[in-house]
There are 2 protein chains.
Amino acid sequence: MPIQKPRTLSGFMELLPQKQVLFDAMVEKLRRTYALYGFSPLDTPVIEASEILLTKSGGETEKQIYRFTKGDSDLSLRFDLTVPLAKYVALHYNDLAFPFRRFQIGKVYRGERAQRGRFREFYQADIDVIGDGALDILNDAEMPAIIYRAFTSLGLERFVIRVNNRKLLNGFYAMLGWDHRAGDIMRVVDKAEKIGLEKVGLTLYHDLGLDEDSVGEIQEFMAIKGTNAQVLDALEGYRGRNEAFDQGLDELKTVCRYLADFGVPESHFAIDLSIARGLDYYTGTVYETRLLDYPEIGSPCSGGRYDNLAAYYTDKQLPGVGISIGLTRLFYVLDEQGLLNPDALTAPAEVLVLPMTEDLAPAVALATALREGGVTALLYHEGKKFKQKLSYADRLGIPFVALLGEDELAQGKVALKDMSSGEQQLLTAQEAAAYVTQALAARRAARPIQEKPQ
Amino acid sequence: MPIQKPRTLSGFMELLPQKQVLFDAMVEKLRRTYALYGFSPLDTPVIEASEILLTKSGGETEKQIYRFTKGDSDLSLRFDLTVPLAKYVALHYNDLAFPFRRFQIGKVYRGERAQRGRFREFYQADIDVIGDGALDILNDAEMPAIIYRAFTSLGLERFVIRVNNRKLLNGFYAMLGWDHRAGDIMRVVDKAEKIGLEKVGLTLYHDLGLDEDSVGEIQEFMAIKGTNAQVLDALEGYRGRNEAFDQGLDELKTVCRYLADFGVPESHFAIDLSIARGLDYYTGTVYETRLLDYPEIGSPCSGGRYDNLAAYYTDKQLPGVGISIGLTRLFYVLDEQGLLNPDALTAPAEVLVLPMTEDLAPAVALATALREGGVTALLYHEGKKFKQKLSYADRLGIPFVALLGEDELAQGKVALKDMSSGEQQLLTAQEAAAYVTQALAARRAARPIQEKPQ
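This one's a predicted model, so the numbers in the text were calculated from it and none came from an experiment.

Definitions and cut-offs
Residues numbered from 1 in each chain as written. Chains lettered and ligands numbered in written order. Predicted model: local features only at pLDDT ≥ 70, side-chain atom pairs only at ≥ 80, totals over all residues. Heavy atoms only, no water. Helix = DSSP H or I, 4+ residues; strand = E, 2+ residues; numbered from the N terminus. Buried < 20%, exposed > 50% of the residue type's maximum accessible area, 1.4 Å probe, protein only. Contact = heavy atoms within 4.5 Å. Areas by Shrake-Rupley, 256 points an atom, 1.4 Å probe, with all protein chains shown as cover. Least-squares fit on C-alpha atoms with pLDDT ≥ 70 in both. Salt bridge = Lys/Arg side-chain N within 4 Å of Asp/Glu carboxyl O. Axes fitted to C-alpha atoms, helices over the stretch in contact; angles between N-to-C directions. Parallel < 35°, antiparallel > 145°, perpendicular 65-115°, else oblique. Left-handed = near helix turned anticlockwise from the far one by under 90°. Nonpolar A, V, L, I, M, F, W, Y, C, P; charged D, E, K, R; others polar. Arc of directions from axis to C-beta. Pairing = 2+ DSSP bridges.

Student: Tell me what's going on with the overall build of chain A, and back it up with residues and numbers.
Tutor: Tallying secondary structure elements over chain A gives 18 helices and 16 strands in all. Residue burial in chain A is summarised as follows: out of 454 residues, 59% are buried. Summarising the internal contacts of chain A: among those between residues at least 6 apart in sequence, 68% fall at separations of at least 24. Accessible surface computed for chain A: about 18,500 Å², of which carbon and sulfur atoms make up 47%.

Student: Please provide a residue-by-residue account of the relation of the copies chain B and chain A, values included.
Tutor: Overlay of chain B on chain A (RMSD 0.1 Å): rotation 180 degrees, translation along the axis 0.0 Å. Both copies are brought into coincidence by an operation consistent with a two-fold rotation axis. Measuring from the rotation axis to each C-alpha of chain B, the shortest distance belongs to F68(B), at 2.9 Å. The share of interface residues of chain B whose copies in chain A are also at the interface is 100%, consistent with both copies meeting through the same surface.

Student: Can you break down the pattern of salt bridges residue by residue, with the values?
Tutor: For the structure on display, the rule yields 56 salt bridges over all chains. Ionic pairing is found between R162(A) and E193(A), a salt bridge with its closest N-O pair at 3.3 Å. With R162(A) in strand β7 (residues 159-165) and E193(A) in helix α8 (residues 192-195), this pair connects stretches of sequence that are 31 residues apart. For R162(A), a relative accessible area of 11% gives the class buried. For E193(A), a relative accessible area of 51% gives the class exposed. Among the ionic pairs, R239(B) bridges to D250(B), the shortest N-O distance being 2.9 Å. In this pair, R239(B) sits in the loop between α11 (228-236) and α12 (243-257) while D250(B) sits in helix α12, placing the two residues 11 residues apart along the sequence.

Student: So, unusual backbone geometry: which residues are in play, and what are the values?
Tutor: Residues apart from glycine generally show negative phi values, whereas peptide bonds are mostly found in trans. The step from F98(A) to P99(A) runs through a cis peptide bond, and the omega angle for that step is 0 degrees. Here P99(A) lies in the loop between α4 (82-91) and β5 (100-109).

Student: Kindly report on the packing of α11(B) against α12(B), identifying the contributing residues and their values.
Tutor: All names here are of chain B. As a packed pair, α11 and α12 sit with axes 11 Å apart at the nearest point and diverge in direction by 165 degrees. Viewed along their axes, α11 and α12 adopt a mutual orientation that is roughly antiparallel. Crossing handedness for the pair α11 and α12: left-handed. On the side of α11, the interface is formed by L232, L235 and E236, while α12 contributes F245, L249, L252, K253 and C256. Its residues assigned to classes, the contact of α11 with α12 comprises six nonpolar, no polar and two charged.

Student: An account of helix α10 (residues 212-222) of chain A is requested, with residue identities and associated values reported.
Tutor: All names here are of chain A. Looking only at α10, the buried set comprises S214, V215, I218, F221 and M222. Burial along α10 is one-sided: seen end-on, the buried residues are contained in an arc of 125 degrees. Exposed side chains of α10 directed beyond 90 degrees from the buried face belong to E212, D213 and E220.

Student: Report on the sheet that holds strand β8 (residues 269-271) of chain B, specifying residues and quantitative values.
Tutor: Residues and elements named next belong to chain B. The eight strands are arranged β1-β5-β6-β11-β10-β9-β7-β8 in an open sheet whose pairing can be described as mixed. The open sheet terminates on both sides in strands that have one partner only, identified here as β1 (40-41) and β8. α12 contacts β7 (159-165), β8 and β9 (282-291) of the sheet and is inclined by roughly 155 degrees relative to β7. Strands in contact with helix α13 (residues 327-336) are β6 (121-130), β9 and β11 (320-326); relative to β11, the strand with the most contacts, it is inclined by about 35 degrees.

Student: An account of the pairing of strand β9 (residues 282-291) of chain A is needed here, citing residue identities and associated values.
Tutor: Residues and elements named next belong to chain A. β9 sits mainly inside the fold: nine of its 10 residues count as buried. The sheet contact formed by β7 and β9 spans seven bridges and is antiparallel. Bridging across to β9, N164 finds its partner in V286. Taken together, the three bridges between β9 and strand β10 (residues 301-306) define a ladder with antiparallel strand orientation. Bridged to Y282 within β10 is Y306.

Structural data, given as C-alpha cells:
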C-alpha cells in the first residue's frame, strides 16, 4: 500500500501536547471566570441549516462560509457563536429565564485567505446576557470586570479595556448634522490611532465631503483625552444638544461609576472616543481590549451592546450585551512572543512510576495510591534501559520519578527522585503523594501566560 | 423582514442550560480521570483533507462522511478521533516521546439515518497509548482501571467491563482448522448473548458450513463461564495447541493479574469469550462495557489493542491500545432513563445578588467579594417586582439570594436567603461566602449521574 503523506490543512491549528496543555489551561481559566459571573455553559452544533446561518446577505460572510450539501440538506459551518445564540434563544425562548446569561467556547469556521497567524478554524470564547424586552445597563458595567478577571486569570497584566458608546457617537454626529453619514465617519475615525488626527481630518474633508467646521469639531472631540473623570467632564460640555448623546453619556457614566466596586483598576480601563467596532449591530456600549506591549494583536477581546439579537428568528425584542475573545489567534501571538509560562506544568504526569521488579503489583499499587492522592501518575513499563526510562521523563518534563526496586519494597517505601535537582528520598506512597502535591503547588497554580518585565 | 423559523438540525444535540451543565460535568470528570493516568490532551481539526481521512475505501464510511469542496480543496469532517490520531502521530513523530499517551474529547460527524437517540454530531472521549515499535502489555492491563475510575467518577455504579483477546480467539479457531473463517465466525458468535448458543451453533453449521465437531467445540468454548480465575483455568486446558492462543492467554492473564492493584473490583470485570469488536484492526485485548440495568445502551465504552495505528501514513510500526466513550449517546440514554443527578448544582450561580438601594455600589462590591471567595454570583438588576426577582432565582434553581437594603447596609451585612428553606440570616460578605461554600459542598461534589437503587 502506498503511503499517504500526513498533513494538516493550512489555517488549522494543531498543537504539540505541551502547548495543548497551556491552551486548555486558558480555556479552563475562561470557563471558571465566566462561571463566577453567573453564566451557564452552552454548546450548539457546528453545523446548521444554511438558511439559519445566512441571516444577512452579507457578501463577506457568504464568501468565507463553509457551505455544502449532504443529501437534500443545504448546510453550513458556523462562522461565529452569535448567530447560533440568536437561533438558540429564539428557538428555546419558552424554556429560558431572562436575562439569559450564557458562555460558549467553541470552534468557528471562516474560509479566509490563508495567512500566517490567521486561522480558518478557531476558538471563540463568548459571553452574552440577553434580556427579554429590556436589559439593565448594569450588565454593560459588569463586562469590563469580566474581561479584567479573565485576562488576569490567564496571566496577562499589561492591558487596557477601552470603552465607548455608539449612542454618544451617533448623537455627536447628529449635533453636527452628519448623522446620515455616521457609519462612514466612524470607519474613518476608527483609524485615528494608526494615521493620526490630521489625516483623519483630511479624509473626512476630501473623501467624505464634510465641511471644515464639522471636521474641526470632530478633531476636537477625538482629541479629548485624560483620566476617565476628565473625559467624562469634557463630554458633559456637549450635554443638552442631542438626546441620544445625553443617553449615551449617561450609560457611559454608569459603566465607569462602578468600576472600582467591580474590582477593575483605573489603570486597566479607558474611555476611548475613537473606537466604534465595525459591526453594524452594536447600538450602545462598545468594548475593545489592547495588550500594551503587543498592539499588533489588535483587540483580543471585543464586544458591545445590541438592541435586538434575534430579529431574524422572532418578533420578540431581545436586547443584549456581550464580549468575544478570539482565543486561537491570541494564543498563537502570545506563543510567538514567547509568553507561554515556562513554570506551568505541561507534562502528561507529575510522577513517572518505574517498576524495577518482575512482579509489577507493587508499582501498580503505588501508581493507584498516587492517583487516589490526587497526583497524576504515568506507569512506564517498556523494555528499555534505565537511562532511557529517565530520559523519557526528562523529555516530557515529568518532574518526579518513583523507583520501586527490591530494596525500597523491603522497606515498604519508594525512592522519589526529583528530576530537576537529582535528589532522591525514601517515602511511603502517601508521603510521596503529599510531597509531590506540596512541591508542585506553585507550578500547579501557575497561569498559562507570563508577561515579560518591560 | 419575514421571520425565519429557528430550528436545529435533526441528529444534532442541543441542550438546555441545566442539562448542559451536567454534560459538561461529565466531560470534566473524564478529563480529570484521563489526566490522572498520564494522558495529555489533544485537539485536532474537525476538518481534514479528504485524502487524509478516507484511508480505507470502506463503503459505510464513505456514505456517512460529510465531504465537500471549498475552493480547490476536497475536505471532510472527521468521523472518529482515531484516524486523526494516526495522522497526528505520523506527522509529528519526531516531536513526540513514545509511548505517546493522549486523550481527546471532541465532536465527530456521521451522516447516519436520523433516528431517535442516534446522532450525526456527537462527542467521543478517547484515550490511546501509542508505542514506537513495541508497547508493553501493562498498558492493556491499565485500561480497565481507567474505565472503572471514569465510570465511577460520573456516578455510574452497576456496570461490568468485559474483556477478551483476539489472539486467543484466532488461535482457538486455528486449532479447529477454521482460522480462514475466523472473522465470519466471530460475527456469528458475537450474537450469542442475543440469540443463544444453540442458534449460534445452527448458524455456524448451516450458513458457514462448519462441521459438527467444530460447532460443538465452539459451543463448549463459548460456554466457559465463572469467575475470572475459573475462566482462565478452563482456558489453560487448551494451552499448547496453538502459539497465538497461548500468547493471547498470557496477555489475558496479565490483564487480569493486576486488577486489584489497579483498584478494579472483581465484581466490575469479566472475561467474556463472546466479544470480538467488529473493527478489523483490533489484534489483541478487546474491551466492552455493559451497564447492568441498561443493556439497551450497548457498550458505552469499547476499545482494544491494535498492531499498527498509522500504516497508511508511515512505515513506522506503531502499536497501540485505546478506548472510546460515546459520550453524547450515553448522556442521551441516561437522561431518558431519568438518571441525571437532581442533587448536582446546575444553576448559573450559587448566589443571586439583588441590589435594593439606588446606589448599586454596595451590591456590586458584595458580588465581587463573593466571587473573590470562590462563590459564583449573579448580579440581578432589572426593573421587576421583588417577587419576580425571587422567581428568577427559583426558576434557575439558584440556591441562595443575597438581599442588600438600607437596613443591611447600615449594619455592614447582607441578608442571605436560603431558597429551599426560606430561612434568612444576616452575614458579612465574607461570612456569606464561607456559609454558601459550606452549605453547597455536597452539591458541588455531586456526580452528574445517579443510578437508582434496584
